Each structure stands twice: as structure tokens, then as C-alpha cells.
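Okay, here's what each chain looks like letter by letter:
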Amino acid sequence: MSHSCRLEQSVYNGMLHKLSAYTTAFALIAALTAYADSRTQLKPGWNLFSTEQDVEMGLEVAKQAEIKLPILNDPSATAYINRLGKQLVARAPHNDPHYVWQFKIVNDRNINAFALPGGLIYINRGVFESAENEAQLAGVIAHETGHVVLRHGTSQVSKAYIAQAPLSIIGGVLGSNSVGSVLAQLGIQFATNSILLKYSRDAEQQADIVGVQILHDSGYHPLAMVQFFETIQAQSKGRASEFFSDHPNPENRINYVQAEIEKLGGPPPNARADSPDFHEIKNRLMSLADTRPR
Ligand code: ZN
């Protein structure tokens, strides 16, 4: 009996031993994983507005912008881009429950995309036509999502407003924080331009880095972003507008994107690159009539 007890005890001890070995192994794996993911931590910068006001301003500017934009009303293409976009933003850092996340396709063959505050993202048809696979299109959406979650639009309007408005008005706005009064003060066109035209190089680099993180965390191969830059560079020649105009030189861009991929511990296992849906929609868009000349 006692013998058997000792045996049980020793089996028990052995199990304990194994258990602690497992625990140590798990702790080690956890430590290595934490070490492998040393991603760049980016946060939204200084801003006069709340995230609710990002939405308010985004919708207001969208009204202005869409007067001139040929929005493509193709239900299956729009459904596809919204499905893909929502998958991606689900992995975005600093996402906010107020953001509306709407994705629209612009019937324009220039390779371009832009984002408005609060989660309104516009992708030109030219991006679909130039992307070789879904991961490359996802890279463009992820970059634009970076601008939204880092709140670059309202941050830029905040700076423009502070630069222009007298201190007394700033005091009033900080108190009441009305988007309408800021837009009235700046002029809607000026505000729209300061959101739409150009972000600083720093802002573009930040959007790239957040974009890479989103791609990685969504299971896409983050190098797709680099491949798309290269494709664009080779074929743009006048067709690429804002999206690529104010970025650091392409080699530099490729370098810091690759550095971020390494900080993330490399591409995700079994990284996705493509889907049949993407090619179906791409072919569909390529067969549509053009509303703007190339
Ligand atoms: Zn950008």
C-alpha cells in the first residue's frame, strides 16, 4: 500500500515536473512572441475635435467632394469593397465605435485613393485595375484606414484653424467645439482642401506603418504593399495622383515598410494574397465604360 503510495507520489511528482516544464516552455514561447512583435506604436496627434466630430466633419466634406466625384454605383463591387474594408478595419488600432466605415469606388482610372475623417474611404477604379491581387488592394485600403484612425484629417483642420483664427474664437471653439462654426470660419473649400490635398510626409509614413500592421493582423502578406508601390512606380507615369505624390522616395518607403514587417516578426503564417472575388470584381470594373479619359 505504502509502496503503491510512494509510486503514486513519484508519478505525481513526475507529472508536476512535466507540468512545470510545460509552464516554462509556454512562458518562453510567450516571451519570444512578445519579443517578435515589437511593432511601432503610433497614436493620433493633437486635435481640437472629438471622434464624433470626425464623423460630422467627414460627412460634411463628403457632401462637397461627391458633387465632383463620379461615384461608381455597382452593387456587387460596392458590396465587395465594403466586405473587404470592414474586415481590415476590424484589425485597426485606435478604431472608434463612432466611425462609420463606408467604402466607395470612384469611376476614375487614375491610381488614387483617399480617406475622409470618421471612416469614409474612396478608392479609384484605377487601383483595382492596377492591383495584381487582393492583398495589394487591401494594402491601399489599410493605408487609408491608417489616416482615419490616426485622425490626420481633423488634426490638419485643427492646425489650419489655430493658425488662422484669433485667440478669442479658439477659446469659443474649444468651449463649444462646433464643426459647423469651424468650417464656416475656415471656409468649407479651404477645410476640404486641407483634408484632401496633402498630408505631411510624416503622416504618410505613419499611414503606411499602420497599414502594414493592419495587413499583417488581417492575415495578408504585408509585402503586398511594397509590391503595389513597385507596380505603381513602373506603370503610373502621370496616372498616379495624391496617393503617391507626397510620399518619401519609393526606396525609402519600401525600406521602412520592410523594417516594420520585421518588427512584426515577419509575415503571418499562411499569409493570404488573393481571392477569386477580387478577380471577378476587377474584371467587372475593367469592362465598364470610362467616365474620365486616361
Ligand atoms: Zn496617404
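Being a predicted model, the structure only gives us computed values, none of them experimental.

Parameters and conventions
- Residues numbered from 1 in each chain as written.
- Predicted model: local features only at pLDDT ≥ 70, side-chain atom pairs only at ≥ 80, totals over all residues.
- Heavy atoms only, no water.
- 1 Å grid on protein atoms, 1.4 Å probe; cavity = no way out; pocket = protein on both sides within 12 Å on 5 of 7 lines; lining within 4 Å.
- Points joined across faces, edges and corners; volume = space filled by probe spheres on them.
- Helix = DSSP H or I, 4+ residues; strand = E, 2+ residues; numbered from the N terminus.
- Nonpolar A, V, L, I, M, F, W, Y, C, P; charged D, E, K, R; others polar.
- Phe/Tyr/Trp six-rings, centres within 6.5 Å; stacked < 30°, edge-to-face > 60°.
- Buried < 20%, exposed > 50% of the residue type's maximum accessible area, 1.4 Å probe, protein only.
- Lys NZ or Arg CZ within 6 Å of the ring centre and 35° of its normal.
- Pairing = 2+ DSSP bridges.
- Donors = N, O, S within 2.8 Å, 3.2 Å for Na, K, Ca; no water.
- Expected span 1.5 Å × (residues − 1).
- Contact = heavy atoms within 4.5 Å.

Visitor: If you had to explain empty space enclosed by the protein to someone new, which residues and values would you point to?
Guide: A water-sized probe rolled over the atoms picks out the places where empty space is left. Applying the stated criterion to the full structure yields three cavities of 30 Å³ or more. Computed from the structure, the second largest cavity encloses a volume of approximately 50 Å³. The wall of the second largest cavity is formed by Asp54, Ala115, Leu116, Pro117, Gly118, His147, Val148, Arg151, His152, Gly153 and Tyr199. Where the lining of the second largest cavity is concerned, the elements lending two or more residues are β2 (113-116), α5 (134-149) and α6 (152-164). Here the residues of the lining of the second largest cavity are counted per class, giving five nonpolar, four polar and two charged.

Visitor: Break down the packing of aromatic side chains for me, citing the residues and quoting the values.
Guide: Enumeration according to the criterion identifies four aromatic pairs in this entry. Relative to Tyr122, the ring of Phe114 lies with its centre 4.7 Å away and its plane at 10°, an arrangement referred to as stacked. Accessibility classification places Phe114 together with Tyr122 in one group, the buried group. The side chain of Arg272 reaches across the aromatic face of Tyr220, ending 4.2 Å from its centre.

Visitor: Run through the pairing of strand β3 (residues 120-124), naming residues and quoting values.
Guide: Burial runs high along β3: five of the five residues are buried. Of the two faces of β3, the one lined by Leu120, Tyr122 and Asn124 and the one lined by Ile121 and Ile123 are each fully buried. For strand β1 (residues 102-106) and β3, the ladder comprises five bridges, and the chain directions are parallel. Pairing of Gln102 across the sheet is with Leu120, part of β3. Where β2 lies against β3, four bridges are found, and the strand directions are antiparallel. Each residue of the ladder has a partner; that of Ala115, found in β3, is Ile121. Here β2 folds back onto β3, and the loop between the two strands holds three residues, one of which, Gly118, carries a positive phi near 85°.

Visitor: Describe the coordination of the zinc ion, with residues and values.
Guide: Taken together, His143 (NE2), His147 (NE2) and Glu204 (OE) make up the protein donors of the zinc ion, found 2.0 to 2.1 Å from the metal. Here the donor residues for the zinc ion map to a single chain with the spacing H-x3-H-x56-E. Pair noted here: His143 is in helix α5 and Glu204 is in helix α10 (residues 201-217), with a separation of 61 residues, a long-range link. The same class applies to His143 and to Glu204, which are both buried.

Visitor: Outline helix α3 (residues 75-89), supporting the account with residue identities and numerical values.
Guide: The periodicity of an α-helix, 3.6 residues per turn, causes residues three or four places apart in sequence to face the same way. Taking 1.5 Å as the rise per residue, α3 with 15 residues should run 21 Å; its terminal C-alpha atoms sit 21 Å apart, in good agreement. Every buried residue of α3 is listed here: Ala77, Tyr80, Ile81, Asn82, Leu84, Gly85, Leu88 and Val89. On its buried face, α3 sits against β1, β3, α4 (125-130), α5, α10 and α14 (276-286).

Visitor: If you had to explain unusual backbone geometry to someone new, which residues and values would you point to?
Guide: In this model, His94 sits at a positive phi of 55°, which is unusual for a non-glycine residue. Structurally, the position occupied by His94 is in the loop between α3 and β1. Take His94: its relative accessible area is 36%, and that puts it in the partly exposed class.

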